[in-house]
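Now for the letters of each chain:
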Amino acid sequence: MTQPTNLLHVDMDAFYASVMIRDRPDLHHVPVIVGGGHRGVVLAANYPARAYGVRSGMSGYEARRLCPKAVVMPPDFELLVPVSKAIRETFRSFTPVVEVVSLDEAFLDVRGAARLFGPPEAIAQRIRSRIRAEHGIPCSVGIARSVSVAKLASRRAKPDGVLTIPPERFVEMVHPLDVGELYGVGESTRERLHKLGLITVGDVAKFPVDQLRRMLGRHLGGHLHSLVWGTDRTELHPGGAGTWGFGEGTPEGSMGSQHTLAADVRDRDDLLRELLRLSSRVAARLRAADKIGTTVAITIRYSDFRTISRSRKLPEPTDVTQDVYDTAVLLLDALGHWAPDVSRPPAVRLVGVRVEGLRRRVPEAGRQLALGERDPGWPDADRAIDRATGRFGHTAVRRGSLL
DNA sequence: TCTGGGGTCCTTAGGCTG
DNA sequence: TCTGCAGCCTAAGGACCC
């Protein structure tokens, strides 16, 4: 039985930039870059900026070099998130089966919407008109049978277009493309395949799947095989969490925060202050989400961009700032960079703190104290800080050591 | 005075245990 | 007591996504 071409991938065009300049007609025809401040990367660039070669993901430094006259602005999430939520409601007025990927894109299964709204192409055009009329933002839509092909189609429909890749035309339309165009094949995998002489999607399709598995690993090899034949996932997971946690799902995996320092740092005390700030932020987010985690991990990026991570499992899961911070300090010191016999510690560019192995917190009432559980004063202090920051904002309370 | 921050998933290696 | 093995867990790192 052949499955219908019923998946839509809707992707806003330069979403961050489109929203940020929507109410600024004076900026519509000048290059605008969102993000890309000091040591940052470009989150989005409008089409006038792209004409200069500015791309999202590029360093702000490089973007400003390519287009010195561009207007650079930081992203305003208080503006972006409500627009994103409103657009999701527009999607849901067409179908209840919506899988949110991120702030600016979603998959829609329109199988049940044909009687009301017509074929997928007609639905795509209606969605585009409504989003433009209601939110003033252009978007592109890809239509296909599977998730990866719909995503590929929307990418190729940009800007402001619609593209359908039906199964019977998949080979003709997709096999000539570079294998790096596939959703899930990044720079690293693309390079490995190219070195093997596998340049196009069709090249990989002709390659024996068991050899792919041997070379790329069982999982990636099998997955790549499904991608090059367009036979990956066809069912959506409605209410998907979204990569940035703005979705409605309840991600169980991990929560973390990392920060690139304004300047590289060698001093242990400076790093401890940053670890404390990050630990406070992560623990507060855990408490707000009613989660506790079993493992604390730190990430260190040195000035040469070498990045390492170290992690440690805790005896008891926690959402307490002090627990997260203490473990982070243990992990940092275990690197040995600040031992007494080390004359010049390495320069650190970025530090991160992450709590993994998340689960729902057991309510306090009826919870048994673990043997040897320490002073409950820190959780009380955390709750007091949460209450104060909830009322007066994040600058209201700050630990003495952060001042 | 180049290269963010938030995640997920997979692979690999080594230790432990039965 | 030693060895080999399978299975599980932990830790580290890499790749990928937006």
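Residues numbered from 1 in each chain as written. Chains lettered and ligands numbered in written order. Predicted model: local features only at pLDDT ≥ 70, side-chain atom pairs only at ≥ 80, totals over all residues. Heavy atoms only, no water.

By the naming in an unreviewed UniProt entry, chain A goes by DNA polymerase IV and is assigned to Nocardioides thalensis. Under the heading Sequence similarities (unreviewed entry), UniProt records this for chain A: "Belongs to the DNA polymerase type-Y family." (UniProt positions renumbered as here; feature names shortened; annotations may be inferred.)

Draft legend 1. Main features of the UniProt feature "binding site: Mg(2+)" (unreviewed entry) in chain A. In the numbering used here, UniProt assigns the feature "binding site: Mg(2+)" (unreviewed entry) to Asp 11 and Asp 104. A maximum C-alpha distance of 6.1 Å is found for the annotated residues, which run over 94 residues; spatially they form one tight group. Taken from the residues named earlier, the lining of the largest cavity is made up of Asp 104. As for its position among the elements, Asp 11 is in strand E1 (residues 7-12). With near-sequence residues (within four places) excluded, Asp 11 lies in contact with Asp 104, Glu 105, Cys 139, Ser 140, Lys 151, Ser 154 and Lys 158. Looking at the element boundaries, Asp 104 is found in the loop between strand E5 (98-102) and strand E6 (105-109). (1 Å grid on protein atoms, 1.4 Å probe; cavity = no way out; pocket = protein on both sides within 12 Å on 5 of 7 lines; lining within 4 Å. Helix = DSSP H or I, 4+ residues; strand = E, 2+ residues; numbered from the N terminus. Contact = heavy atoms within 4.5 Å.)

Draft legend 2. A look at the sheet that holds strand E4 (residues 71-73). Strand order in the open sheet formed by three strands is E3-E2-E4, and the pairing between neighbours is mixed. Since the sheet does not close on itself, it has two edges, and those belong to strand E3 (42-45) and E4, each with one partner. Pairwise comparison of adjacent strand axes, ignoring direction, gives a mean angle of 25° for this sheet. Bridge count for strand E2 (residues 32-35) against E3 is three bridges, and the pairing is antiparallel. Bridge pairing in E3 places Ile 33 opposite Ala 45. (Pairing = 2+ DSSP bridges. Axes fitted to C-alpha atoms, helices over the stretch in contact; angles between N-to-C directions.)

Draft legend 3. Highlighting the protein's contact with DNA strand C. Lining the immediate surroundings of DNA strand C are 19 residues, of which Ser 102, Lys 151, Thr 189, Ser 311 and Lys 313 lie closest. Note that a phosphate oxygen of DNA strand C is positioned 2.3 Å from one of the side-chain N or O atoms of Thr 189. Side-chain polar atom of Arg 310 to a phosphate oxygen of DNA strand C: 2.9 Å apart, as the coordinates give it. Among the secondary structure elements, those contributing two or more residues to the surface near DNA strand C are helix H9 (187-195) and strand E11 (307-318). Of the residues that constitute the surface near DNA strand C, the class distribution is four nonpolar, eight polar and seven charged. (Near = heavy atom within 4 Å. Polar contact = N/O pair within 3.5 Å; in protein donor to acceptor, adjacent residues only side chain to side chain. Nonpolar A, V, L, I, M, F, W, Y, C, P; charged D, E, K, R; others polar.)

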